[in-house]
Every structure is written in structure tokens, then in C-alpha cells.
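Close look at the chain arrangement
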Amino acid sequence: MEKYGYKFSFGPWNIHEGADPFGPPVRPTVAFGDKLATLKELGFDAMQFHDDDAVPDLDNLSAAEIKRQAEAMKRMLDDLGLVAEFVAPRLWEHPMTIDGAFTANDPAVRAYALERTKKTADIARYLGTDLMVLWLAREGTYLREAKDAVRATHQLLEAIDALLEYDPALRIIIEPKPNEPMDLAYIPTMGHALALGMQSRDPSRVGALVESAHAVLAGLDPADEMSFALAFGKLWSVHLNDQNGLKFDQDRSFGSVDLRRAFNQVRVLEENNFREVGMVGLDVKALRTQPAELATKHLRNSLRVFLRLVAVVRSLDKTRIDELRQARDYEELDWLVLDALMKNE
Ligand code: XUL
Ligand code: MN
């Protein structure tokens with residue numbers, strides 16, 4: 001498979017049981033080893049991890065046991081010629097973090113969150129990656145008056161600084177999202193993520209990740225969110241997927257809702273040599289209706305769409321685009337793009 005110099009990843013949560021808030025699982029759990037085999041078979045290069053994907057039940061394990069299990073996971077990856085892209089702390093499931101982790105009003109919860117995330121940093125190191133993704137799931141409110149938003153912003157910064165200090169080799173990638181599970185999240189957009197990183201004790205070690213669906217949920221264009229981060233050399237990963245309007249976070253297959261929007265994401269990644277900086281993560285989920293034995297096609301489709309769009313972007317006549325921009329003939333430019341998207345191979 002021609003991959004145009006890109007590396008691809010997904011996470012174990014992208015092969016899932018299909019439960020939703022109104023119904024139970026509809027597919028059996030797939031063992032982690034089988035997910036790794038699928039990843040390899042489909043032509044992906046790396047696995048993304050939540051800390052407890054690598055080391056289940058880590059809250060109840062000693063430091064030595066965490067190290068042992070993480071190193072065993074690293075060997076499993078090595079054996080398949082795969083790597084870990086990043087590790088993310090799962091800070092949204094523990095009963096203590098019901099109302100936030102780093103921004104909880106209770107100092108005992110904030111202390112737990114920091115200790116847990118230091119363990120995540122250890123696991124990342126054992127897995128051979130310097131990248132930690134922070135999706136700040138419960139850092140926000142259901143009720144506006146429930147927390148002090150100024151204080152919360154400083155608490156997020158303190159947590160980031162503490163982690164940068166804890167591991168001098170660690171790089172942190174902030175993944176913004178405007179809502180879900182909270183009604184209103186404190187870091188909803190790329191602008192928020194970058195501002196926070198720039199204020200940290202070592203801005204060179206804080207970057208960002210754009211997830212297409214999260215940008216759409218914020219009412220923004222994912223390609224522009226990516227471009228804003230690219231302009232400052234801060235786009236270190238992406239979670240490509242798709243989203244049909246302002247609903248729950250759908251994690252639809254890349255390009256399946258809006259192919260033009262997908263094209264523009266690939267275009268800005270191509271034009272800014274993203275492949276030299278980061279991997280292409282596909283944070284997609286199979287439709288709930290998909291039968292178990294067919295529930296990896298969303299990953300296959302997303303990868304195919306990305307690669308087909310790279311070919312489309314590379315086929316475009318750049319000189320012609322410049323001419324049309326100068327002539328302000330955007331209708332012809334529109335046709336140039338539509339024609340390229342509708343051409344058969
Ligand atoms: C949640 C989401 C997460 C992060 C990793 O919407 O996208 O899976 O990507 O914690
Ligand atoms: Mn994501």
C-alpha cells in the first residue's frame with residue numbers, strides 16, 4: 001500500500017462494543033492482542049493508548065508492577081514491529097473525578113489526578129514514546145457557577161507545569177473539545193490549547209492535537225484549526241474523523257459526512273509537511289448497527305479515504321490555483337476542486 005510517507009495510528013477504543021447512553025453493548029469485547037493484529041493487518045504503524053489500555057487497573061498497582069506490565073506491552077509491540085504513538089491519562093472514569101480532575105474543587109481529587117498522570121508519564125516512557133495526550137474530559141462544568149473558571153485555568157497550567165517538571169523529556173499534546181461529557185469545557189478550541197501551552201514553564205514541550213469532530217462541535221472548521229496550530233509548529237498529532245452537525249460526538253469515518261471538509265484537512269496537512277512531525281490518528285468508531293465480524297471497516301475506509309485524498313491533493317495544478325486566486329475567480333477554483341474530487345482514478 002502506497003502511504004505517501006505518512007504513519008497511521010488508532011486506539012483500542014476504536015474497535016468497540018457499540019454501547020450508547022440508551023443501549024447496552026451490541027458486540028463482544030475484542031481482546032487487545034486481536035486489536036493489535038487488526039492494526040497491523042490494515043496497514044497501520046502505531047497504537048494509541050490510554051494509560052489503563054497499557055496497564056489495566058493501574059490505580060491499584062505498585063510502581064514496580066506498573067513498570068513490569070508496561071514493559072511487557074512494549075515487547076508485544078516490538079514483536080509486531082509496531083510502536084506506541086502516545087499515552088493519555090484516563091481521568092474521566094474514576095469516582096473521584098466525577099466533577100473534574102485537575103480543576104476539581106476538592107484538593108484531594110486534584111492530588112489524585114496529578115499522581116495518576118505522573119504514572120501515565122512513566123507508562124509512556126516504558127512504551128518508548130515521549131508523547132502524552134491530554135484530553136481534558138471533565139475539566140469544565142455542568143453548571144456555570146459550580147467552579148471558578150479563572151482559577152480552573154490556573155489549575156490546568158499548574159498541572160501541565162508539574163508534569164513538565166516531573167519528566168524533563170515529556171512532550172504534552174492538548175486535545176481540545178468544547179463539550180461532552182461536560183456541558184461546557186474549559187479548553188474548547190485550538191486557541192485555548194495553544195494559549196495554555198505558551199504560558200507553561202517550557203512552551204517548546206507543549207503542542208496540540210486537532211480532532212475533526214471536536215472542531216465541528218465547536219462550530220469551527222477542522223482544517224482551519226489545524227492551520228492555526230501548524231502556523232506555530234504546534235500540530236503534533238491529529239484525530240481524523242467526521243461529524244454530522246452539532247450532535248453527540250459521533251466519531252464517524254473520515255470523509256463519510258463531508259468529503260470536501262476532509263479534503264481540506266488533508267490539503268493543509270500536505271501543504272505543511274505534517275508527515276515529518278506527527279502521525280495521522282484515526283479516532284473513528286463503527287456505526288452501532290455494524291455486525292461484530294465487520295466492525296473494522298470504519299478503520300479501513302478512513303485510511304483509504306485519507307490516502308485517496310492525498311493523491312487528489314498532489315494531483316492539483318498549483319500554478320493554476322495561484323492564477324485563479326489572483327483573478328479572484330473562486331467559482332473556477334471551486335470547480336477545480338470539485339472536479340478533482342469527482343474524478344475516477
Ligand atoms: C474523546 C476523545 C478521546 C481522546 C483520547 O472525545 O477523542 O478518545 O482522543 O483521550
Ligand atoms: Mn480524540
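Residues numbered from 1 in each chain as written. Chains lettered and ligands numbered in written order. Predicted model: local features only at pLDDT ≥ 70, side-chain atom pairs only at ≥ 80, totals over all residues. Heavy atoms only, no water.

Here we take up the coordination of the manganese ion (ligand 2). Protein coordination at the manganese ion (ligand 2): the donors are Glu175 (OE), Glu211 (OE), His239 (ND1) and Asp283 (OD), at 2.0 to 2.2 Å from the metal. For the manganese ion (ligand 2), the six donor atoms in the first shell make angles of 78 to 171° at the metal, so the coordination geometry reads as octahedral. Between consecutive donor residues of the manganese ion (ligand 2), the sequence gaps follow E-x35-E-x27-H-x43-D. Of this pair, Glu211 sits in strand 8 (residues 206–211) while Asp283 is found in the loop between strand 10 (279–282) and helix 10 (297–315), placing the two residues 72 residues apart along the sequence. Owing to a relative accessible area of 6%, Asp283 belongs among the buried residues under this scheme. (Donors = N, O, S within 2.8 Å, 3.2 Å for Na, K, Ca; no water. Tetrahedral: all angles 85-135°; square planar, octahedral: opposite > 155°, others 65-115°. Helix = DSSP H or I, 4+ residues; strand = E, 2+ residues; numbered from the N terminus. Buried < 20%, exposed > 50% of the residue type's maximum accessible area, 1.4 Å probe, protein only.)

A few words now on the pairing of strand 9 (residues 235–240). In summary, the side chains of a regular strand alternate between the two faces of the sheet. For strand 9, the buried fraction is high: six of the six residues fall into the buried class. By the bridge criterion, four bridges tie strand 8 to strand 9 in an arrangement that is parallel. Counted as the bridge partner of Leu209 is Ser237 from strand 9. Note: strand 9 against strand 10, four bridges, orientation parallel. (Pairing = 2+ DSSP bridges.)

Enumeration over the complete set of coordinates arrives at 26 salt bridges. Asp242 is paired through a salt bridge with Arg261; the nearest N and O atoms lie 2.7 Å apart. Remark: Arg261 occurs in helix 9 (residues 259–271) and Asp242 occurs in the loop between strand 9 and helix 9; sequence separation between them is 19 residues. Comparing Asp242 with Arg261, the two get one shared label, buried. In this structure, a network of salt bridges that share partners links the residues Asp51, Asp52, Asp53, Asp59, Arg90 and Arg116. (Salt bridge = Lys/Arg side-chain N within 4 Å of Asp/Glu carboxyl O.)

Here we take up the site of ligand 1. Around ligand 1, the surrounding shell consists of Trp13, His50, Trp92, Trp135, Glu175, Lys177, Glu211, His214, His239, Asp249 and Asp283. A distance of 3.0 Å separates an oxygen atom of ligand 1 from a polar atom in the side chain of His214. Here an oxygen atom of ligand 1 sits 2.9 Å away from a polar atom, N or O, in the side chain of Asp283. Here ligand 1 has 290 Å² of accessible area as a free molecule, and 93% of this is covered by the chains. Class assignment for the residues of the shell around ligand 1 results in three nonpolar, three polar and five charged. (Near = heavy atom within 4 Å. Polar contact = N/O pair within 3.5 Å; in protein donor to acceptor, adjacent residues only side chain to side chain. Areas by Shrake-Rupley, 256 points an atom, 1.4 Å probe, with all protein chains shown as cover. Nonpolar A, V, L, I, M, F, W, Y, C, P; charged D, E, K, R; others polar.)

Two elements in contact, helix 4 (residues 107–127) and helix 5 (residues 149–166), have axes separated by 10 Å at closest approach and are oriented at 35°. The way helix 4 lies across helix 5 gives a crossing that is right-handed. Residues Arg110, Leu114, Thr117, Lys118, Ala121, Asp122 and Arg125 of helix 4 form the contact with helix 5, whose own contacting residues are Arg151, Gln155, Ala159, Ala162, Leu163 and Tyr166. A per-class count over the contact of helix 4 with helix 5 returns six nonpolar, two polar and five charged. (Axes fitted to C-alpha atoms, helices over the stretch in contact; angles between N-to-C directions. Left-handed = near helix turned anticlockwise from the far one by under 90°. Contact = heavy atoms within 4.5 Å.)

The full count for this structure, using the stated rule, is nine aromatic pairs. An angle of 65° between the planes, with centres 4.6 Å apart, marks the rings of Trp92 and Trp135 as edge-to-face. Of the two residues, Trp92 is situated in the loop between strand 3 (83–88) and helix 4 and Trp135 in the loop between strand 4 (131–134) and strand 5 (140–141); the sequence distance between them amounts to 43 residues. For the pair Phe254 and Phe306, a centre-to-centre distance of 6.4 Å together with 35° between the ring planes defines the contact as tilted. Pair noted here: Phe254 is in the loop between strand 9 and helix 9 and Phe306 is in helix 10, with a separation of 52 residues, a long-range link. Pair check on accessibility: Phe254 and Phe306 agree, each one buried. Ring pairing ties together the aromatic residues Tyr6, Phe8, Phe10, Phe44, Phe254 and Phe306, which thus form one cluster. Its end group placed over the ring of Tyr126, Arg125 keeps NZ or CZ at 5.9 Å from the ring centre. (Phe/Tyr/Trp six-rings, centres within 6.5 Å; stacked < 30°, edge-to-face > 60°. Lys NZ or Arg CZ within 6 Å of the ring centre and 35° of its normal.)

Let us now look at helix 9. Between the first and last C-alpha of helix 9 there are 18 Å, a value that for 13 residues agrees with the 18 Å anticipated at 1.5 Å per step. When we look at burial in helix 9, the residues that qualify are Arg261, Ala262, Phe263, Asn264, Gln265, Val266, Val268, Leu269 and Glu270. Packed against the buried residues of helix 9 are helix 7 (212–217), helix 8 (222–231), strand 9, helix 10 and helix 12 (330–342). The N-cap of helix 9, judged by a side-chain oxygen 3.2 Å from the amide nitrogen of Arg260 a few residues on, is Asp258. (Expected span 1.5 Å × (residues − 1).)

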